[in-house]
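Now for the letters of each chain:
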Amino acid sequence: MFILTYPDDPDFLDSPVAQFVQTDPRKRALRDLMKAVWADPRVRLAVRKDLAPPDRLAAKSGAPALAAEVTVALAIVRRLMGWSYRLLVSEVDGSLGWRWVCSLYNQPLPTFQAIQGREAQLAPKTLRLIN
């Protein structure tokens, strides 16, 4: 099932470690960048078309997929940091800071193959728009 974004998780956001991470200026700037990219309706529409085309049932049924906002955030972080998919999963899964930047919160992080597959669904036109 297609999920646009995860709701804010107060348990995650109110934890002392997450509060501390939010004061890091580099992580704050990256989080603000992610939110600015996601706020563009053209980006949201293009990502929606790529990840859940209207002619596929996956948009309405099945197990919940990784949120579209998180897919975009992970793609941006991976490219900015120059990480492989395996390293991306390792870094994000083990860091509250990266989970906050990517709006993943306490949600489970899929395998690197699943993230790679989701990112591969993004059309080059969509990636240029995000860029």
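Described below are features of the structure shown in this document.

**A look at the overall build of the chain**
Next, step 1: Secondary structure assignment for the chain yields nine helices and zero strands.
Next, step 2: Listed N to C, the secondary structure of the chain is α-α-α-α-α-α-α-α-α in terms of helices and strands.
Next, step 3: Rg of the C-alpha trace for the chain: 14 Å, near the compact-globule value of 14 Å for 131 residues, within the 12% margin.
Next, step 4: By principal-axis analysis of the C-alpha atoms, the chain measures approximately 45 × 30 × 30 Å.
Next, step 5: Sorting the 131 residues of the chain into buried and exposed places 45% on the buried side.
Next, step 6: Restricting to contacts in the chain with at least 6 residues of sequence separation, those with at least 24 account for 74%.
Next, step 7: Of the roughly 7,300 Å² that the chain leaves accessible, carbon and sulfur atoms contribute 59%.
Next, step 8: Taken as two groups, the 18 positive and 13 negative side-chain charges of the chain have centres that lie 8 Å from each other.

**Description of the environment of Ser90**
Next, step 1: Inspection of the secondary structure puts Ser90 in helix α6 (residues 85-93).
Next, step 2: Remark: the alpha-carbon pair of Ser90 and Phe112, spanning 22 residues in sequence, is separated by 9.0 Å.

**Concerning helix α8 (residues 112-120)**
Next, step 1: Taken as a whole, α8 has its buried residues at Phe112, Ile115, Arg118 and Glu119. Taken around the axis of α8, the buried residues stretch over an arc of 125°, which confines them to a single face.
Next, step 2: Residues of α8 that are buried sit in contact with α4 (41-51), α5 (68-81) and α6.

**Some thoughts on the nonpolar core**
Next, step 1: Val47, Leu74, Val77 and Ile115 are the most contacted members of the largest nonpolar core, which has 39 residues in total.
Next, step 2: Secondary structure elements with two or more residues in this core: α1 (10-13), α2 (16-21), α3 (25-39), α4, α5, α6, α7 (96-101) and α8.
Next, step 3: Here this core takes seven residues from α5, the largest share from any one element.
Next, step 4: Residue contacts for Val77: discarding those within four places in its chain leaves Leu30, Met34, Trp83, Leu88, Trp98, Val101 and Cys102.

**Topic: the packing of aromatic side chains**
Next, step 1: Scanning the model with the defined rule gives two aromatic pairs in all.
Next, step 2: With centroids separated by 5.3 Å and ring planes inclined at 80°, the aromatic side chains of Trp83 and Trp98 adopt a geometry described as edge-to-face. Of this pair, Trp83 sits in the loop between α5 and α6 while Trp98 sits in helix α7, and the two are 15 residues apart along the sequence.
Next, step 3: The exposure class assigned to Trp83 is buried, which follows from its relative accessible area of 12%.
Next, step 4: In this structure, Arg48 packs its charged tip against the face of Phe2, placed 4.8 Å from the ring centre.

About the cut-offs
- Residues numbered from 1 in each chain as written.
- Predicted model: local features only at pLDDT ≥ 70, side-chain atom pairs only at ≥ 80, totals over all residues.
- Heavy atoms only, no water.
- Helix = DSSP H or I, 4+ residues; strand = E, 2+ residues; numbered from the N terminus.
- Rg over C-alpha atoms; globule rule 2.2 N^0.38 Å.
- Buried < 20%, exposed > 50% of the residue type's maximum accessible area, 1.4 Å probe, protein only.
- Contact = heavy atoms within 4.5 Å.
- Areas by Shrake-Rupley, 256 points an atom, 1.4 Å probe, with all protein chains shown as cover.
- Lys, Arg positive; Asp, Glu negative; His and termini not counted.
- Charge placed at Lys NZ, Arg CZ, Asp CG, Glu CD.
- Arc of directions from axis to C-beta.
- Core = buried A, V, L, I, M, F, W, Y, C linked by side-chain atoms within 4.5 Å.
- Phe/Tyr/Trp six-rings, centres within 6.5 Å; stacked < 30°, edge-to-face > 60°.
- Lys NZ or Arg CZ within 6 Å of the ring centre and 35° of its normal.

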